[in-house]
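Report on the structure
Listed below are the residues making up each chain.
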Amino acid sequence: MTAAIIDGKAFAAGLRARIATEVEALARRGIKPGLAVVLVGEDPASQVYVRSKGRMTVEVGMASFEHRLPDTTPEDELLALIARLNADPAVNGILVQLPLPRHMDEAAVINAIAPEKDVDGFHILNVGLLATGQKAMVPCTPLGCLMLLRDRLGDLAGKRAVVIGRSNIVGKPMAQLLLRDSATVTVAHSRTADLPALCREADILVAAVGRAEFVKGDWIKPGATVIDVGINRTEAGLVGDVDFASALPVAGAITPVPGGVGPMTIACLLANTLTATARANGLTDPEGLTP
Ligand code: NAD
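A brief look at the structure comes next. Keep in mind that what you see is a predicted model, and the values were worked out from it rather than measured. Here the residue index of a chain counts from 1 through its sequence in written order. Owing to the predicted nature of the model, reporting of local features is limited to residues with pLDDT of at least 70; listing and counting of side-chain atom pairs is limited to 80 or more, with chain, interface and lining totals taken over all residues. Calculation of side-chain values draws on the structure's entire complement of heavy atoms; hydrogens and water are dropped beforehand.

Secondary structure elements are defined from DSSP: runs of H or I of at least 4 residues count as helices, runs of E of at least 2 residues count as strands, and each element is numbered from the N terminus. From N to C terminus, the protein includes 10 helices and 11 strands. All radius of gyration figures rest on C-alpha atoms, and the globule criterion is 2.2 Å times the number of residues raised to 0.38. In summary, the protein has a C-alpha radius of gyration of 19 Å against a globular reference of 19 Å for 291 residues, a match within 12%. Projecting the C-alpha coordinates of the protein onto the three principal axes gives extents of approximately 50 × 40 × 35 Å. Buried means the residue's accessible area, taken with a 1.4 Å probe over protein chains only, is under 20% of the maximum for its type, while exposed means over 50%, and partly exposed covers the values in between. Within the span of the protein, comprising 291 residues, buried residues form 49% of the whole. Only four residue types enter the tally: Lys and Arg on the positive side, Asp and Glu on the negative side; His and the chain ends are excluded. For this purpose, a charge sits on NZ of Lys, CZ of Arg, CG of Asp or CD of Glu. Taking the average place of the 28 positive charges on the side chains of the protein and the average place of its 31 negative ones, the gap between the two points comes to 3 Å.

So, about the packing of aromatic side chains. To pair, rings of Phe, Tyr and Trp, with the six-membered ring standing in for Trp, must have centres within 6.5 Å; the planes then decide the type, stacked if under 30 degrees apart, edge-to-face if over 60, and tilted in the middle. Overall, the coordinates contain 1 aromatic pair when judged by the stated rule. With a centroid separation of 5.4 Å and an interplanar angle of 80°, the aromatic rings of phenylalanine 214 and tryptophan 219 are classed as edge-to-face. For phenylalanine 214, a relative accessible area of 24% puts it in the partly exposed group. Residue tryptophan 219 is classed as buried on the basis of its relative accessible area of 12%.

With that settled, the discussion passes to the site of the ligand. Being near a molecule or strand, for a residue, comes down to having at least one heavy atom within 4 Å of it. In the region of the ligand, 21 residues are neighbours, and Arg166, Ser167, His189, Val229 and Thr265 sit closest. Two N or O atoms form a polar contact when they lie within 3.5 Å of each other; inside protein one atom must be a possible hydrogen donor and the other a possible acceptor, and for residues adjacent in sequence the pair counts only when both atoms belong to side chains. Within the side chain of serine 167, an N or O atom sits 2.5 Å from an oxygen atom of the ligand. Contact distances for the ligand include 3.5 Å between a nitrogen atom and a side-chain N or O atom of arginine 211. Here, Shrake-Rupley sampling with a 1.4 Å probe gives the accessible areas, and only protein chains in the shown set may cover a residue. For the ligand, whose free accessible area comes to 850 Å², the fraction covered by protein is 73%. At 3 residues, the largest contribution of residues to the shell around the ligand is made by helix H10 (residues 261-280). Residues that form the shell around the ligand fall into these classes: 9 nonpolar, 10 polar and 2 charged. Only Asp, Glu, Lys and Arg are considered charged, only Ala, Val, Leu, Ile, Met, Phe, Trp, Tyr, Cys and Pro nonpolar, and every remaining residue, Gly among them, polar.

In this section: helix H7 (residues 171-180). Within H7, burial applies to Gly171, Pro173, Met174, Ala175, Leu177 and Leu178. In what follows, a contact means two residues having at least one pair of non-hydrogen atoms within 4.5 Å. The inward-facing, buried residues of H7 abut helix H5 (124-131), helix H6 (140-153), strand S5 (160-164), strand S6 (184-188) and strand S7 (204-207).

Locating threonine 72 in the fold gives a position in the loop between strand S3 (63-69) and helix H3 (75-87). Residue threonine 72 is classed as exposed on the basis of its relative accessible area, which comes to 64%. For the pair formed by threonine 72 and threonine 225, sequence separation is 153 residues and the distance between their alpha carbons is 44 Å.

See the structure below:
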């Protein structure tokens, strides 16, 4: 048996096409969604992300606003920019690219974003809303993983899910979303005992560790659905957190790296911007873009 490849690239392209159609419908009402991206400093990976975010925002017909600040920018200047964006009616979504320079308090900066414009879903209010099952802005990467899982498996109720990683960006919100879909969820992390045995119980295995080819094929339950969030730069190129070659003959389905979760993240950022725009204009949430 060989695992089915979950084509996140194609799924994300379909999602962006749908978003573009919704943006056209909004244009007929005189509404144009706007996404502001703030980049502080010169981190090369962040520059690449910000560039492709800007390009795809424009491609779906939204307005893209880019703000680049030097890494010596005082925190109060960044906070003043966020305050201006919060008050700007042309801006429906605000994303501050992480990581921020060391002299800045990341939590304070994120919590300065108006929660209804927090398209990354990292503001404490959105974290709390998600955790209590209320209408929130949901972090893009886990939202993309959830869409792929639902598309593959349908109803997730009662499935055993193991999420490796407990970050605020991926692991924790992923666990919340799976719980919301009534999966039975275990969150594993760097101190988890006998991780391979735990993983072998999982019908759904999500790896968000940040270690190249960490999860081996013999950790995977035969037929399981494996979502590989990892993006690791190695001499051999980009690889995931799952050892793809040994996972392929065991898993039922698996996301490749690249071309799996990665493209879903930006598509879900656009989805969140569309949702934020609809809410700001008193419209109902677009179908299927929110959990
Ligand atoms: P992080 O470093 O914040 O968290 C990593 C988690 O892995 C931690 O909770 C830690 O406890 C756990 N961990 C570390 N070593 C472990 C071990 N030996 N056994 C079990 N667990 C262990 O990273 P993150 O921000 O959550 O990102 C995880 C990965 O996902 C990275 O490779 C990152 O580049 C990638 N990522 C991809 C996307 C995307 O769009 N595809 C988005 C965000 C992050």
